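What follows is each chain in one-letter form.
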Amino acid sequence: MRVPSIDGISIWICRHDRISSPEDLARCWDLLSETERRRGEGFRLASDRHAYVVTRAMQRLLLSRYRATDPRSLLFDKGAFGRPSLRNALAESADLDFNLSHDGNVIALGMVNRGTIGIDVTASGCRPAFLGVARRFFTRGEVAALEALPDDARADCFLQLWALKEAYVKALGGGLSIPFDSFGFCLEKPASIRFHANGNREGTSPWSFWLLSPAAGVVMAICARTADRTQPTIGVYEFRPFAEDTPMTCRPTRASLPATIKIDKDAAL
Ligand SMILES: CC(C)(COP(=O)(O)OP(=O)(O)OC[C@H]1O[C@@H](n2cnc3c(N)ncnc32)[C@H](O)[C@@H]1OP(=O)(O)O)[C@@H](O)C(=O)NCCC(=O)NCCS
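Note that the coordinates shown come from a computational prediction; the quantities given were computed from them, not determined experimentally.

1. Things to note about the pairing of strand β4 (residues 96-103)
So, point 1. Burial within β4 is extensive, with 6 of its 8 residues counted as buried.
So, point 2. Of the pairings in the sheet, the one linking β4 to strand β5 (residues 106-113) comprises 8 bridges and is antiparallel in character. Residue pairing across strands places Asn 99 opposite Gly 110, the latter belonging to β5.
So, point 3. In textbook terms, the turn of a hairpin is the stretch between consecutive antiparallel strands, and for β4 and β5 this stretch comprises 2 residues, one of which, Gly 104, has a positive phi near 55 degrees.

2. What about the nonpolar core?
So, point 1. Counting residues in each nonpolar core, the largest one holds 67 residues, and the members touching the most others are Ala 221 and Ile 222.
So, point 2. Examining the composition of this core, we find that 10 residues originate from one element, helix α6 (residues 151-172), more than from any other.
So, point 3. Those residues in contact with Ala 221, other than ones at most four positions away along the chain, are Asp 120, Ala 163, Leu 164, Glu 166, Ala 167, Phe 209 and Leu 211.

3. Points about the packing of helix α1 (residues 22-31) against helix α3 (residues 46-65)
So, point 1. One can describe the packing of α1 onto α3 by two numbers: an axis separation of 9 Å at closest approach and a directional angle of 65 degrees. Taken together, the axis directions place α1 and α3 in an arrangement best described as roughly perpendicular. In terms of crossing hand, the pair formed by α1 and α3 is left-handed. Facing Leu 25, Cys 28, Trp 29 and Leu 31 of α1, the residues of α3 in contact are Val 53, Val 54, Ala 57 and Arg 60.
So, point 2. For the contact of α1 with α3, the class distribution of residues is 7 nonpolar, no polar and 1 charged.

4. A closer look at the site of the ligand
So, point 1. With respect to spatial proximity, 17 residues lie near the ligand, and among them Gly 82, Arg 83, Ser 101, Lys 170 and Gly 175 are the closest.
So, point 2. At the level of secondary structure, the elements contributing two or more residues to the shell around the ligand comprise β4 and α6.

About the cut-offs
The residue numbers shown here count from 1 along each chain, following its written sequence. The predicted nature of this model means local features are confined to residues of pLDDT at least 70 and side-chain atom pairs, given and counted, to a pLDDT of 80 or more, with totals for whole chains, interfaces and linings taken over all residues. Working definition of burial: number of other C-beta atoms within 10 Å of the residue's own, with buried at 20 or more, exposed at 12 or fewer, and partly exposed in between, all C-beta atoms being placed from the backbone. Secondary structure is summarised from DSSP: a helix means a run of H or I of at least four residues, a strand means a run of E of at least two, and numbering begins at the N terminus for each. Strands were regarded as paired on the criterion that DSSP finds at least two bridges between them. A set of buried residues drawn from Ala, Val, Leu, Ile, Met, Phe, Trp, Tyr and Cys, joined through C-beta atoms within 7 Å, is what defines a nonpolar core. This entry defines residue contacts through backbone-placed C-beta atoms, with two residues in contact when those atoms are within 7 Å. Every axis in this analysis is a line fitted to C-alpha atoms, fitted for helices over the stretch in contact. Angles between the N-to-C directions lie between 0 and 180 degrees. Roughly parallel means an angle under 35 degrees; roughly antiparallel, over 145; roughly perpendicular, 65 to 115; everything else is oblique. Two helices crossing with the near one rotated counterclockwise from the far one by less than a right angle form a left-handed crossing, whereas a clockwise rotation gives a right-handed crossing. Residues are grouped as follows: Ala, Val, Leu, Ile, Met, Phe, Trp, Tyr, Cys and Pro are nonpolar; Asp, Glu, Lys and Arg are charged; every other residue, Gly included, is polar. Each residue receives a C-beta atom built from its backbone; the residue is near a molecule or strand if that atom lies within 6 Å of it.

This is the structure in structure tokens:
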């Protein structure tokens, strides 16, 4: 099994609706802990159980590559607001941070070495009340920017803002306890993301942001603090349990910082 370098950011995307081999699913189930299996057995819908089992197996398989250990032996802790982390990180993986997100048929797992990462995938379904959600939770600047957009662009912009906000609060670990109007994004300039947070003048934040679309109708936001503050590397791979990863041609549609995108050969954004 090839281990992609994580000098930079690595993102794995799994379409769990494409994982259907009974043998692979049985092997996934075998990787789960007793607690995870009990939870898996509790799902009423087979589709929910399927997504849950593939998610847990994916997390164990990917993290075990960097621990050189049996995926079943990994133990997890949770922060005060539920942020998962590896228990007893060994020296070689103590600097490894990861974050997971799922929506629709897509699971995304991001990892970074010597840094911190938050990730969010949001499938563009029907979100009729999104302007009301924005007025209630977003900054005044974000609401004004949304209101100024034509109808067809407004929903896309909302999803991008939402995914960016989720990725940021997930990187911090505070989840929804962090008010969504205590920080904001400006997406007015093409291909750019400008970020500001309370007490943080623009340009002084350690956080960088990227928006990508790893599947049709899916917005993915990455928020990361990386060791390389000039042009970090991002590799995006399609993940299937027990198979080789496939590099994906998935370039950011917007970025707050340029990144080198690892595809087959490196290409800069
Ligand atoms: C974390 C949170 C933002 C997730 O948002 P979401 O878009 O619904 O879900 P996503 O699929 O993107 O992310 C879920 C994954 O994030 C991870 N996660 C959970 N809590 C997290 C946190 N506080 N920070 C970062 N990651 C977190 C988990 O891996 C979780 O997946 P899993 O349950 O399968 O392991 C949100 O559910 C949350 O804030 N939960 C914590 C509860 C909380 O803070 N309550 C206070 C209310 S004031």
